[in-house]
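Here is how the chains run, residue by residue.
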Amino acid sequence: MKVLTEAMGKDADQIAVRRPRGRPKTVSDDARRAEILNAARATFHVLGYGGTTMDLVAARCRISKQTLYRLFSSKVELFMAIIAEHRAAMLALPRDREENLPLTEALEQIFMIDIDEAAEHDREAFIHFVMGEAQRFPEVAALLRTHGAEQSRKMLADWLNLQQRRGLIEIADAESGARMLMNMIFGAMITLPGRTNDWPDRETRLRHLRHCIAIFVAGVQPHRKN
């Protein structure tokens, strides 16, 4: 790890030497943030949370540390942004409040149960990475809990509450319903580190995920009054 970190540091020095002179191209803050997050994610994967520094991220992005700190005040904030970005790859929320899809279809879209195999691999690889880092660094565990699972559950509970206000479902506790859904779907969708994927194929798992959603939807159907 030390050798790799030193090598990346040398690369940063070489990048600084090769940086062209003259007026730099104007890049919007949003585009710059996206570049930084891509570089930071790759650096975290290679060096881990402990081995990644803001200096290394700035060097890989070929930007000044001043620019980096203007957009992300610390490594914690940078990692928090990566978790938030990943959350959007787990749940397609929030949604258009006027959306009028059947509940089953909306939930299938929210959980993105039929994403392609490459995206599925990336999603699972990130989960394995952050769970491993959370065991080593308490701050990562806290970020993962607060800005990952808890925030996702709150967004899903808010969506369920909206469906109840619209009269589309009846649910006594939206927070409990969100937890139930996430446990069912993510429990089948993600193979946790150290466990074996026992699904015979992706199609079998997809059928199971749809079955889970169908069972939940049937359980929250409004009771019709006679």
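Residues numbered from 1 in each chain as written. Predicted model: local features only at pLDDT ≥ 70, side-chain atom pairs only at ≥ 80, totals over all residues. Heavy atoms only, no water.

**What about the packing of aromatic side chains?**
Stage number 1. Enumeration according to the criterion identifies seven aromatic pairs in this entry.
Stage number 2. Residues F111 and F186 carry aromatic rings whose centres are separated by 5.4 Å and whose planes lie at 65 degrees to one another, so their mutual orientation is edge-to-face. Linking F111 in the loop between α6 (103-110) and α7 (117-136) with F186 in helix α9 (residues 174-189), this pair joins segments that are 75 residues apart in sequence. As far as the burial class goes, F111 and F186 line up, both buried.
Stage number 3. Taken together, the aromatic side chains of F44, Y49, F79, F126, F129 and F137 make up a single cluster linked through ring pairs.
Stage number 4. Seen from the ring of Y49, K75 lies directly overhead, with NZ or CZ sitting 4.3 Å from the centre. (Phe/Tyr/Trp six-rings, centres within 6.5 Å; stacked < 30°, edge-to-face > 60°. Helix = DSSP H or I, 4+ residues; strand = E, 2+ residues; numbered from the N terminus. Buried < 20%, exposed > 50% of the residue type's maximum accessible area, 1.4 Å probe, protein only. Lys NZ or Arg CZ within 6 Å of the ring centre and 35° of its normal.)

**What about the pattern of salt bridges?**
Side-chain pairs of opposite charge can arise whenever the charged atoms involved come near each other.
Stage number 1. Counted according to the given criterion, the structure contains 13 salt bridges.
Stage number 2. One salt bridge in this structure joins D29 and R70, with 3.1 Å as the shortest N-O distance. With D29 in helix α2 (residues 29-51) and R70 in helix α4 (residues 65-71), this residue pair connects regions lying 41 residues apart in the sequence.
Stage number 3. Salt-bridge contacts for K154 lead to D158; the nearest nitrogen and oxygen are separated by 3.0 Å. Placement of both K154 and D158 in helix α8 (residues 138-165) is noted, with a separation of four residues, approximately one turn of the helix.
Stage number 4. K154 sits in the partly exposed class, given a relative accessible area of 45%. (Salt bridge = Lys/Arg side-chain N within 4 Å of Asp/Glu carboxyl O.)

**Notes on helix α3 (residues 54-61)**
Since there are 3.6 residues in each turn of an α-helix, residues three or four apart along the chain are aligned in direction.
Stage number 1. In terms of burial, α3 is largely enclosed, as six of its eight residues are buried.
Stage number 2. Of the residues making up α3, those classed as buried are M54, L56, V57, A58, A59 and C61.
Stage number 3. Remark: R62 follows α3 within two positions and exhibits a positive phi of approximately 60 degrees.

**Points about the environment of A34**
Stage number 1. Tracing the sequence through the fold places A34 in helix α2.
Stage number 2. Residue class for A34 comes out partly exposed when judged on its relative accessible area of 35%.
Stage number 3. Residues A34 and E85, spaced 51 residues apart in sequence, show a C-alpha to C-alpha distance of 10.0 Å.

**So, the side chain of E133**
Stage number 1. Structurally, E133 can be placed in helix α7.
Stage number 2. Looking at E133, the relative accessible area reads 7%, which means it is buried.
Stage number 3. Contact partners of E133, with chain neighbours within four places excluded, come to G48, Y49, G50 and V140. (Contact = heavy atoms within 4.5 Å.)

That's the geometry; what it means functionally is another story.
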